[in-house]
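# Geometric and topological summary
Listed below are the residues making up each chain.
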Amino acid sequence: LLPVALPNLSRISTMKKSNGKNAWPTVSLFGIYALATSTWAATIESSSCSQADVQAAINSASDEDTVTVPSGVCTWSTGFSINKGIHLKGAGSSNVTINMGGTLTLNKNPSYNVRLSGFTFNRSGGGNSFKVLVVTGAWSAQPPLIHDNVFNISGSGTILYTTNGGVIFNNVFNGDWDDSSIQ
């Protein structure tokens, strides 16, 4: 638990209303109740940028957690999915490079945004049927946020949306451009 500065209770007990009666510290009691019932999101650190380590960190995360991926160059040879409302956060697009052999699927979460940021993704070959990212999920689910990444694509598609919604911002897209880059 985080340290909390509680008010001087002896001072509170001597507080008086203008009519001379004791005043109850309702605001303080509400604050203590809110603190006791709150949950905090965790930060789960992946041991490396390897697909196995990142998947293990994702598996141990809960909705609203952040999974951080350290600097490195790794190959994700097969696809995997994120089925939780987490933030998968690389150490920065100039620090984490993922050579994609499979597809990363972001499944929209009913209650929380799925976020992806801080990576460089390289993908070469495979044609239109191979994408770096596929976004799927219920239309009513929370939109994914894909930001602050670099996508280096050659002979392949970048992102396929099979549902509505989502925000793609502050990314860099390099490489072959055709109608399959973002569908």
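Residues numbered from 1 in each chain as written. Predicted model: local features only at pLDDT ≥ 70, side-chain atom pairs only at ≥ 80, totals over all residues. Heavy atoms only, no water.

### What to know about the nonpolar core
Stated precisely, the cut-off is as follows: Among buried residues, those of type Ala, Val, Leu, Ile, Met, Phe, Trp, Tyr and Cys that are joined through side-chain atoms within 4.5 Å constitute a nonpolar core. When a residue's accessible area, from a 1.4 Å probe over protein chains only, is under 20% of the maximum for its type it is buried; when over 50% it is exposed; and in between it is partly exposed. Contacts are residue-level and defined by heavy atoms, with any inter-residue pair within 4.5 Å sufficient.
Counting residues in each nonpolar core, the largest one holds 31 residues, and the members touching the most others are Trp76, Leu88, Ile98, Leu104, Phe119 and Phe121. Excluding residues within four positions of it along the chain, Leu88 makes contact with Val54, Ile58, Val67, Val69, Ile82, Arg115, Leu116, Ser117 and Phe119.

### Side note on the sheet that holds strand β11 (residues 145-147)
The test is simple: The pairing criterion is simple: DSSP has to find at least two bridges between the two strands. Strands here mean DSSP runs of E at least two residues long; helices mean DSSP runs of H or I at least four residues long; both are numbered from the N terminus. Note on method: axes are straight lines fitted to C-alpha atoms, helices fitted across the in-contact stretch only, with angles between N-to-C directions ranging 0 to 180 degrees.
Reading across the sheet, the six strands line up as β1-β2-β5-β8-β11-β14 and stay open at both edges, with parallel pairing between neighbours. Two strands in the sheet have a free side with no partner beyond their single neighbour: β1 (43-45) and β14 (167-169). On average, each strand axis in the sheet is tilted by 15° relative to the strand beside it, whichever way the strands run. Note: strand β8 (residues 115-117) against β11, three bridges, orientation parallel.

### Concerning the sheet that holds strand β7 (residues 104-107)
Within the open sheet, the four strands sit side by side as β4-β7-β10-β13. Their pairing is parallel. Edge positions in the open sheet fall to β4 (80-82) and β13 (159-161), since each of these has one partner strand only. With strand direction ignored, the average angle separating the axes of adjacent strands in the sheet is 20°. Taken together, the three bridges between β4 and β7 define a ladder with parallel strand orientation. The residue bridging Phe80 from the neighbouring strand is Leu104, located in β7.

### Focus on the packing of aromatic side chains
Note the cut-off: When two rings of Phe, Tyr or Trp (its six-membered ring) have centres within 6.5 Å they constitute a pair, described as stacked for plane angles under 30 degrees, edge-to-face for angles over 60, and tilted for the intermediate range.
A complete count under the given rule lists six aromatic pairs for this structure. Centroid distance Phe121 to Phe151: 5.6 Å. Interplanar angle 20°. Geometry classified as stacked. On the criterion of sequence distance, the pair formed by Phe121 in strand β9 (residues 120-127) and Phe151 in strand β12 (residues 150-156) is long-range, its members being 30 residues apart. In this pair, the class of Phe121 matches that of Phe151, namely buried. Three or more aromatic residues joined by ring pairs make a cluster, and in this case those are Trp76, Phe80, Phe119, Phe121, Phe151 and Phe173.

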